[in-house]
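Residues per chain, in single letters:
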Amino acid sequence: MKKDTQKRHSQIANDVMHYIYRYISTDINLDELSINLNISKFHMHRVFKEEFGQNIYETIKAIRLQKAASLLLTNKSSTISNVARNCGYTSQAAFIRVFKEMFKTTPKRWRNGEYKELFLRKSLKKFQIKPEIFRFKSRKAYYIRHTGTKQEFDNSWEKLNTWALIKGYKNFNKINFFHDNLVLKEFEKSRFVSALTFDEELVDDSFPYLTMPEQICAKFSFKGSKKEFIDFIFWVYFDWLINSGYEANTEPSFVIYKNDFYLTNDKTLDLDFYLSISM
């Protein structure tokens, strides 16, 4: 595939994903989206699956249900039908059916504590970490998409570091976005984006980039092993978030590394974890 075509495909896939996150609580109209992007619906679906390894409908379903799983625990005053509507489902019956397909339980039983038996480990490790509520400003992120295998992580970071070295870029941040919630999906099967961001905006289209939206985040400083990081993620979602009074947004969570040890490395991770939140 030519570089120009590859960049165009990356842009199409990013535009579709941005649209999904922005309108996840509505009845998403893919016909309208393909018209706005000035491409055929068939081409839009094909390009998206090439980029993300998952079709658009599967992606919408996964994002909606991950949002619902969080809302059921954090938005305790909302009825199940309200949660369903907030996640883009016009039919409560349809919502209950697809929720049960993914989580092997009903929304009511999930809310009443069955999530602990299904997803929590035998003992939830406690972390004494107080997050900073932080406004993250919009910026470009030059990226590579990959799954959670060590080989794909290593290959992605090698390519990003080589690109920065060739270009002579310095003073950048190293970021991993989590397109899947790591407490709800196996690490190696999850989808990630490794990326570089810069304090000053670059004018460079030699590498695919996406635009991170401005958002309010809970920023946690973490230092420890990969195993401890996974325990930390469980604590954030199943303890801190539930008791915080905040709700998790649909924007992907992400980490910014303070050292060069990444999530698949056995050495000590030193990073900030950002969870997009609302009230």
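None of these values were measured; they are calculated from a predicted model.

Caption draft 1: Inspection of the nonpolar core at higher detail. Among the nonpolar cores identified, the biggest contains 61 residues, and Trp110, Phe229, Phe232, Leu263 and Phe273 are the most heavily contacted of them. Dropping the residues within four chain positions of it, Phe229 is found in contact with Phe178, Leu182, Phe222, Val255, Leu263, Leu269, Leu271 and Phe273. Listed in part, the 20 residues of the second largest apolar core include Met17, Ile39, Met44 and Ile56.

Caption draft 2: Region of the structure containing the side chain of Asn181. Along the polypeptide, Asn181 turns up in the loop between β3 (172-178) and β4 (191-198). The class of Asn181 is buried, set by a relative accessible area of 11%. Looking at Asn181, its side chain comes within polar contact range of the main-chain nitrogen of Val183, at 3.0 Å. Beyond its immediate chain neighbours, meaning those up to four positions away, Asn181 contacts Gln66 and Tyr237.

Caption draft 3: Looking closely at the packing of aromatic side chains. In the structure shown here, the tally under the stated rule is 45 aromatic pairs. Residues Phe99 and Phe103 carry aromatic rings whose centres are separated by 4.7 Å and whose planes lie at 50° to one another, so their mutual orientation is tilted. Of the two residues, Phe99 and Phe103 are both situated in helix α6 (residues 92-103); the distance of four residues between them amounts to about one turn of the helix. When the centroid spacing of 5.7 Å and the interplanar angle of 85° are considered together, the rings of Phe232 and Phe273 count as edge-to-face. Residue Phe232 is located in helix α9 (residues 226-244), and its partner Phe273 is located in strand β9 (residues 269-278); the two are separated by 41 residues in the primary sequence. Judged by relative accessible area, which is 0%, Phe232 ranks as buried. For Lys140, the ring lying beneath its charged end belongs to Tyr209, and the centroid distance is 4.5 Å.

Thresholds applied
- Residues numbered from 1 in each chain as written.
- Predicted model: local features only at pLDDT ≥ 70, side-chain atom pairs only at ≥ 80, totals over all residues.
- Heavy atoms only, no water.
- Core = buried A, V, L, I, M, F, W, Y, C linked by side-chain atoms within 4.5 Å.
- Buried < 20%, exposed > 50% of the residue type's maximum accessible area, 1.4 Å probe, protein only.
- Contact = heavy atoms within 4.5 Å.
- Helix = DSSP H or I, 4+ residues; strand = E, 2+ residues; numbered from the N terminus.
- Polar contact = N/O pair within 3.5 Å; in protein donor to acceptor, adjacent residues only side chain to side chain.
- Phe/Tyr/Trp six-rings, centres within 6.5 Å; stacked < 30°, edge-to-face > 60°.
- Lys NZ or Arg CZ within 6 Å of the ring centre and 35° of its normal.

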